[in-house]
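Here are the chains, one letter per residue:
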Amino acid sequence: MGEYGRDPRKCHFSPYADNGGTTIAIAGDDFVMVGSDSRLAGRAGILSRNQTKVFPLTANTMIASTGCWADVLSLNKDLQAKLTLYSQEHHDEMNTSAVAQLVSTLLYWRRFFPYYVSNMVVGLDEDGCNIRPPFKAYPPTAPLHFLNAPRGAALAHQLMHDAFISAAERDVNTGDSCILYTITKDGVAEEQIKLRRD
Amino acid sequence: MHFSSGSLAGGSWRENIVTNNALVSRGIPMPASMKTGTTIVGVIYKDGVVLGADTRATCGDLIADKNCSKIHYLQPNMYCCGAGTSADLELTTQLMASQLELHRLNTGRQVLVKTANRMLKQMLFRYQGYVGAALVLGGVDKHGPALYSIHPHGSSDAGPYQVMGSGSLAAMSVFETRWKPDLDLEEAKQMVRDAIAAGIFNDLYSGSNVDLCIITRDGATHIRPYDVANVKGKRLGKYDFKRGTTAVISSVVRPIEIVSESVKKITTTEESMDTA
């Protein structure tokens, strides 16, 4: 699309856009922390300074999605619909592992016209705390492995806080603020930390 | 077709383009150049010119330099802000500074800003836009303050305020709202600062600090930084490596023995350069 000015005939239409964003998730023994920056970037500039990329799905599961914002919203809508159908049929919410599997399936349905979205499914399970990166159809990458962090929500908080600061230093698409969610059996706590706005 | 005296670099640039295209068609990708993203501005005020620039250099979406200097020295009475390809800007301005100094020595006079403008235009036009340098040139000479913006293909515009770079639209919005003739120094500095800040906060490829350069009849003052608009967040943890992280297997200490000391004085008047 960048070549459009030179010769429109040679221009190939791309259905994808990259709206940027950075997400981090750390799991501990009895908690999971997930955070994203709040900047939504477009080609022409900043679309929003206050758009989180983490969506709640059930009481103890959230999904962090970045990439093409149109696909993020579309995938999320599809996901919410499937979760509603499940809960109405089973009279119970889907657990985190099941949600991760569902996301993987949904992504693979679009194997040949992919959702340009990077996901992390984050939540609590009966067996503890989980971060599940579902299968990524596109772009093709090695599966991501997140190790369970050492004990201590304080350490996780410190690492995420500092990692976002560093990311905002060197990535043009990251900044403005970051929103951190901590999921425990008592619920979800939210915290917003300011970042550089340039 | 013979390509005349203007070859400032070794080899014909036209051959290089053919070679580059041949390599690309064979699957070797063109390296991403470091660009200065950038917001640069200049404004003429009562007693001279104020130039301003941000300090971010990008390589795609990566910030390569958080504090680079985009206001380049040309002559004591003129400076040049640069946007575009970093290497092109650095070398073009250094080359031009040398050429202008030679011109000054040849003529025995202070160089006129329109001279630098003409020399830059002619060089950039010769390279047909391949030298990615977009400049805001400002200075003061016997005719008074002068300000030009020069595009990579070799066109230039003169006017009381100029903007260039990816953040130029954000910066221009400030000038178009607030500029009036006969600004005083403080108004001009504030306006330039605000124009660059508009670029820093609204353009993804501009950022960090505001640098300023004030040029008058009496000389130039390059202020770097003029305004630190963005500071790195204070981190909660320390990530230094503790002593012992890298295991030391063995170590040998050999003291340097001083055998003798002697002091020799060198005076410039007596010894001349050997030109044999």
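Predicted, not measured: the structure shown is a model, and the values here were computed from it. (Residues numbered from 1 in each chain as written. Chains lettered and ligands numbered in written order. Predicted model: local features only at pLDDT ≥ 70, side-chain atom pairs only at ≥ 80, totals over all residues. Heavy atoms only, no water.)

## Structural notes on the packing of aromatic side chains
Residue and element names in this part refer to chain A.
Okay, so step 1: In this structure the tally under the stated criterion is 6 aromatic pairs over all chains.
Okay, so step 2: Relative to Tyr 116, the ring of Tyr 16 has its centre 5.7 Å away and its plane inclined at 40°; by these criteria the two rings are tilted. Here Tyr 16, found in the segment before strand S1 (23-27), pairs with Tyr 116, found in the loop between helix H2 (96-109) and strand S7 (117-125); they are 100 residues apart in sequence, far enough to count as distant.
Okay, so step 3: The exposure class of Tyr 16 is partly exposed, given its relative accessible area of 24%.
Okay, so step 4: On the basis of relative accessibility, which here comes to 23%, the residue Tyr 116 falls in the partly exposed class. (Phe/Tyr/Trp six-rings, centres within 6.5 Å; stacked < 30°, edge-to-face > 60°. Helix = DSSP H or I, 4+ residues; strand = E, 2+ residues; numbered from the N terminus. Buried < 20%, exposed > 50% of the residue type's maximum accessible area, 1.4 Å probe, protein only.)

## Details of the sheet that holds strand S10 (residues 187-194) of chain A
Residues and elements named next belong to chain A.
Okay, so step 1: Pairing is antiparallel in the open sheet, where 4 strands are placed in the order S1-S2-S9-S10. In this open sheet, the two edge strands, each paired with only one partner strand, are S1 and S10. Between one strand axis and the next, the sheet turns by 15° as a mean value, whatever way the strands run.
Okay, so step 2: Here strand S9 (residues 177-184) pairs with S10 via 8 bridges, running antiparallel. Its bridge partner lying in S10, Thr 184 is registered against Gly 187.
Okay, so step 3: On top of the sheet, helix H3 (residues 153-170) reaches S1, strand S2 (32-37), S9 and S10; it is set at about 15° to S2, its chief contact. (Pairing = 2+ DSSP bridges. Axes fitted to C-alpha atoms, helices over the stretch in contact; angles between N-to-C directions. Contact = heavy atoms within 4.5 Å.)

## Here we look at a nonpolar patch on the surface
Okay, so step 1: Together, A:Leu155, A:Leu159 and B:Tyr239 make up a nonpolar patch on the protein surface, roughly 230 Å² of accessible area in all.
Okay, so step 2: Along the polypeptide, A:Leu155 turns up in helix H3. (Patch = residues over 30% accessible without salt bridge, like charges linked within 9 Å, V, L, I, M, F, W, Y side chains within 5 Å. Areas by Shrake-Rupley, 256 points an atom, 1.4 Å probe, with all protein chains shown as cover. Salt bridge = Lys/Arg side-chain N within 4 Å of Asp/Glu carboxyl O.)

## Some details on the interface of chain B and chain A
Okay, so step 1: With 25 residues of chain B at the interface, the matching set in chain A holds 22 residues.
Okay, so step 2: Here chain B meets chain A over a buried area of about 2000 Å², counting both sides, of which 53% is carbon and sulfur.
Okay, so step 3: Here chain B and chain A share 2 salt bridges between them.
Okay, so step 4: The closest approach of N and O atoms between B:Arg56 and A:Asp198, which form a salt bridge, is 3.1 Å.
Okay, so step 5: Scanning the region where chain B abuts chain A turns up 14 residue pairs in polar contact (both at pLDDT 80 or more).
Okay, so step 6: Looking at the side of chain B that touches chain A, the elements that each hand over two or more residues are strand S4 (62-65) and helix H5 (185-202) of chain B. (Buried area = accessible area lost by both parts, 1.4 Å probe. Polar contact = N/O pair within 3.5 Å; in protein donor to acceptor, adjacent residues only side chain to side chain.)

Limitation: the analysis is restricted to geometry and does not speak to function.
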